[in-house]
Structure formats: structure tokens, C-alpha cells
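One-letter residues, chain by chain:
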Amino acid sequence: MRGIKINKNKLVIFVFYLYLLLLIYLLFNPLYFGFFRLISPKRIPDMAYARDYYAVLSSVSGIILGSLGIILGYFYYNNQRKTNLSIQKREKQCRRLEAFINKLDKYDEYVHRVLTITAKDQKDLDLLRTLIVANFESIQGMLEQGYELLGITKDDTRAILKVNSFVDNNETITRCSYQKLLKSELSSIRSQYIELMRDARIACYKSII
Amino acid sequence: MATKVIDVGVDFYHRLVNRDSLQCDGKFNAVEFRHKYLKELDNQQSWENSDEFIQLDFSHVKKIGPSFANEAFGYFTKYTKPKQILQKIVCKNINEVSLMIIEEELNAGYKNK
């Protein structure tokens, strides 16, 4: 059976309020007027009694207030530390993801340059293919470091890997000679590629809050 | 029969990227890998059971590319389902992303028909 989950912060604040109420009651208790007359029939017999009473009350409440202050301070410090750590973690994750998206942008650019035949000759085309491979190696390396560090899930990772699976397995993109590249064929490949890249980008962007 | 154990990165190569001799420099390609280590699985009878046939140790492998995985492992999807392929060909010490690449190629099927 699961126990009741108690929020420590709320509990301390509740105890603090309870203490304040008690303190107010104890402060006005001996004065014997108004509402307190109903719940406390006591009067202050003399000034010596009042002095002793308030001296005890002040030292006891001082100790209690001090202890509560320390406890509240501890909780405040703990919460602040947790919040700072969580912000730092998120900032690191965002920086990593930014670098990752930059790599994906570069990869996308080189694939598009092959698909739109912007290469001037076979040498230029070979260079673009090398850049595609090199860029995805960096992307894969970042994923291997831990896709969780980028704030993405296993399914998101699969969506990103699908893009490279399509590119790497496509003979036209990876090995067709410059002379044999046909614009008509490339346009159908491009539309499939764009679909896959869109899914990969969605996978990346959805982790950015 | 005892299961073969291959340290892929040492016995073959640490960069598994080329599908065949026509891709990039063509060296250490998937066709060569399949013929060297998985030739016995290239018939329907071999897939009648799910007994482990080979253990591939990827601890020294730096990279595995989709086209290599497709040619080396996806090729067998013509005989059986992805799950049975990974039961017969056991990948050891492989990182999660590389395994995802292999699984993706097995699920997508052989692309060089």
C-alpha cells in the first residue's frame, strides 16, 4: 500500500503558521479582553507575573522561531540548489541540441546540393558525398554519447537515423556518376527525403520548450 | 555445432560503411563481410530454426553505416523476419545507436534486390 506523500515545504509552513497563531494567543492570553475573555478567564495578577510570563514566552518563542527559520532556510537553499541544477542541465541540453541541429542543417544542405545538382563536376559531387558522410558521422557520434543528453527519445533517434538510412541506401545520392544524375529522378527522391527530414526536425524541435 | 565468435573490429575492419566494391573506396564492404562470415546462412534451410549461428562482437567497431547493415544483415530478410535474424546473428557489445541502425535496416528490408 502506498503511503500518503507529504510535501515537506508545505508541512513546515503549516507548522510555522500554527506556531504564529499559538504565539498570538499566548501574547494576548493574559490581557483578558475581548475574544480572549471567552477562552481564557485568566487576568494578570501583577507586573512581576507579567514580566516573568513575557520573558519566558519571548525566550521560548525565540528558540522556536530560530529553529523554524533554520529549517525554512534549509528548505529554501535545497530548493534553490535543485532549481539551479535543473536550469543548468536544461541550458547544457539546449546548447548540445543547438550544435546537433546545426550539424543536421549542414547535412541537409549537402544532401540538397546533391539533389538539386549544384555540383559543377564529378569531383565536386564526390566532395559533397564525403561531406554528407562526415556530417552524419558527427550526428551519429552525438547520438551515441547519449540521445537523452539532447533531450530526445529513442523514437526521435530512430526518426533521425531513418533519414540517413534513406540517403545512404539511395544509389543515386551515394554513387551515381555526375553525368547520369537525372533531374526528373532526383525530384521524386527529393520529395521522399524532405518528408523524412521533416520528421527528423520535428523530433529535434519538440524537445525544445 | 559451436557458435562462431567474431571480433568484427579486429578480424574484419573497424569502419563498416561500404555496401559493395562500388561504394566509396569499396574496401571492407558488406558483400565481402557476408561472404566471409555469413555464407552458410544464404539458403532457406538455415532459417528453419532460431538457433544461434554466430556472435558478432562489435566492441572494436567505430562505425556501422546503414548501407553496410542493409547489405550484410538486411539481405537475409528475404528468408525470414528481423527478429529471427537477430536470434541467429547475435550482436555483442554493440552500442544502442548502432543496434538501432541494424534494426532499422532489418525492418526496412533489403534494398539492393
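Here we summarise the structure given alongside this text.

## Remarks on the overall build of chain A
Then step 1. Helix and strand counts for chain A stand at seven helices and zero strands.
Then step 2. Overall, chain A shows an N-to-C arrangement of helices and strands of α-α-α-α-α-α-α.
Then step 3. Here the contacts in chain A between residues at least 6 apart in sequence split such that 71% fall between residues at least 24 apart.
Then step 4. Just so you have it, chain A exposes about 13,700 Å², and 62% of that area is on carbon and sulfur atoms.

## Points about the packing of aromatic side chains
Then step 1. According to the stated counting rule, one finds 15 aromatic pairs over all chains in the structure shown.
Then step 2. Taken together, B:Phe12, B:Tyr13, B:Phe28, B:Phe33, B:Tyr37, B:Phe68 and B:Phe73 form an aromatic cluster joined through their ring pairs.

## Considering the interface of chain A and chain B
Then step 1. Each side of the interface is counted separately: chain A has 17 residues, and chain B has 22 residues.
Then step 2. Between chain A and chain B, a total of about 1,800 Å² is buried, with carbon and sulfur atoms accounting for 46% of that surface.
Then step 3. One can count five salt bridges joining chain A with chain B.
Then step 4. One can count nine residue pairs in polar contact (both at pLDDT 80 or more) joining chain A with chain B.
Then step 5. Here the side of chain A that touches chain B takes nine residues from helix α5 (residues 154–169) of chain A, the largest share from any one element.
Then step 6. Grouping the constituent residues of the side of chain A that touches chain B by class yields four nonpolar, five polar and eight charged.

## Brief notes about helix α4 (residues 122–144) of chain A
Then step 1. With 23 residues, α4(A) ought to run about 33 Å at 1.5 Å a step, and its terminal C-alpha atoms sit 33 Å apart, in line with that.
Then step 2. For α4(A), the full list of buried residues reads A:Asp124, A:Leu125, A:Leu128, A:Arg129, A:Ile132, A:Asn135, A:Phe136, A:Ile139, A:Gln140 and A:Leu143.
Then step 3. Buried residues along α4(A) sit against α3 (47–115), α5 and α6 (171–174) of chain A together with β4 (63–64) and α5 (96–108) of chain B.
Then step 4. A:Gly146 lies just past α4(A) and shows a positive phi near 130 degrees.

## Here we look at the side chain of B:Asp20
Then step 1. Within the fold, B:Asp20 resides in the loop between β2 (15–16) and α2 (30–37).
Then step 2. B:Asp20 sits in the buried class, given a relative accessible area of 12%.
Then step 3. Polar contacts involving the side chain of B:Asp20 include one to the main-chain amide nitrogen of B:Leu22, which spans 3.0 Å.
Then step 4. Those residues within four positions of B:Asp20 in sequence are excluded, and the remaining contacts are A:Arg175, B:Gly26, B:Asn29, B:Val31 and B:Asn112.

Basis of the calculations
- Residues numbered from 1 in each chain as written.
- Chains lettered and ligands numbered in written order.
- Predicted model: local features only at pLDDT ≥ 70, side-chain atom pairs only at ≥ 80, totals over all residues.
- Heavy atoms only, no water.
- Helix = DSSP H or I, 4+ residues; strand = E, 2+ residues; numbered from the N terminus.
- Contact = heavy atoms within 4.5 Å.
- Areas by Shrake-Rupley, 256 points an atom, 1.4 Å probe, with all protein chains shown as cover.
- Phe/Tyr/Trp six-rings, centres within 6.5 Å; stacked < 30°, edge-to-face > 60°.
- Buried area = accessible area lost by both parts, 1.4 Å probe.
- Salt bridge = Lys/Arg side-chain N within 4 Å of Asp/Glu carboxyl O.
- Polar contact = N/O pair within 3.5 Å; in protein donor to acceptor, adjacent residues only side chain to side chain.
- Nonpolar A, V, L, I, M, F, W, Y, C, P; charged D, E, K, R; others polar.
- Expected span 1.5 Å × (residues − 1).
- Buried < 20%, exposed > 50% of the residue type's maximum accessible area, 1.4 Å probe, protein only.

Remember, this is a structural readout, not a statement about activity or role.
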